[in-house]
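Single-letter residue listing:
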Amino acid sequence: MTQIIKSSTPGKERVHLSKAIIIAIRAFMRQKDPNNETRDILAFIILALREITSGIDQSVIAWEKRDYWIKADKYRMEWRWTGEIAQSLDEAFNESDWSKITQLLMEIMTKFSDIKVSDRHRMGEPWHGAFQEYQH
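All residue numbers here refer to positions counted from 1 along the written sequence of the relevant chain. Where totals are concerned, whole chains, interfaces and linings use all residues; where local detail is concerned, this predicted model gives features only for residues with pLDDT of at least 70, and gives and counts side-chain atom pairs only at 80 or more. The side-chain quantities take in all heavy atoms of the structure and omit both hydrogens and water.

Draft legend 1. Fine view of the layout of surface pockets. Cavities and pockets were defined on a 1 Å grid built from protein atoms only: a cavity is a group of points that admits a 1.4 Å probe but offers it no way out, a pocket is an open group of points flanked by protein on both sides within 12 Å along at least five of seven lines, and a lining residue is one with an atom within 4 Å of any such point. Grid points are joined across faces, edges and corners, and a volume is the space filled by probe spheres set on the points. Estimates place the volume of the largest pocket at around 160 Å³. What lines the largest pocket is Gly 11, Arg 14, Val 15, Ser 18, Glu 78, Trp 79, Trp 81, Lys 111, Phe 112, Asp 114 and Ile 115. Each helix is a run of H or I in the DSSP string that is no shorter than four residues. Each strand is a run of E no shorter than two, and both are numbered from the N terminus. Of all the secondary-structure elements, those providing two or more residues to the lining of the largest pocket are α1 (10-30) and α3 (69-94). Considering each element in turn, the lining of the largest pocket owes the most residues, four residues, to α1. In this classification, the charged set is Asp, Glu, Lys and Arg, the nonpolar set is Ala, Val, Leu, Ile, Met, Phe, Trp, Tyr, Cys and Pro, and all remaining amino acids, among them Gly, are polar. The residue inventory of the lining of the largest pocket, partitioned by class, reads five nonpolar, two polar and four charged.

Right, here's the structure in full:
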């Protein structure tokens, strides 16, 4: 039997999702009025933050196996904001509270301030169809 090598790790996925969130927020800020694309963008951001949150526990498993509990807990606390903002953004989105949504998106951008994404990235627009997935 051949060995299966998993090339995608929670850390790589987190970086990819973080960059995609930045791109989505930039697209949201260019919107003049809420429309279907705006809903897709917000749904994508919420789903991506939830995905990042779920990947945190997978990231710390190796540390916990080696009894690095403090390091694992510190890492969890460092990324706890993703779940909290996803929940707040979800509530604001359901209430159509655009000022709260904008405030939360600006908070996300400050959290990701050290991540650089070129204006000529090759990620496309990953949010297309996200609202439909969000509703399920």
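Draft legend 2. Local environment of helix α4 (residues 98-111). Helix length check: α4 (14 residues) gives 20 Å between terminal C-alpha atoms against 20 Å at 1.5 Å per residue, within 8%. For the exposure calls, accessible area comes from a 1.4 Å probe over protein chains only, and a residue counts as buried if that area is under 20% of its type's maximum, exposed if over 50%, partly exposed in between. What α4 keeps buried is the set Ile 101, Leu 104, Leu 105 and Ile 108. All buried residues of α4 fall inside an arc of 100 degrees around its axis, so they share one side. Those residues of α4 that are exposed and aimed more than 90 degrees away from the buried face are Ser 99 and Thr 110. Contacts: residue pairs with any heavy atoms within 4.5 Å of one another. The inward-facing, buried residues of α4 abut α1, α2 (36-65) and α3. For a helix, the expected span equals 1.5 Å multiplied by the residue count minus one. In this context, the arc is that of the directions from the helix axis out to the C-beta atoms.

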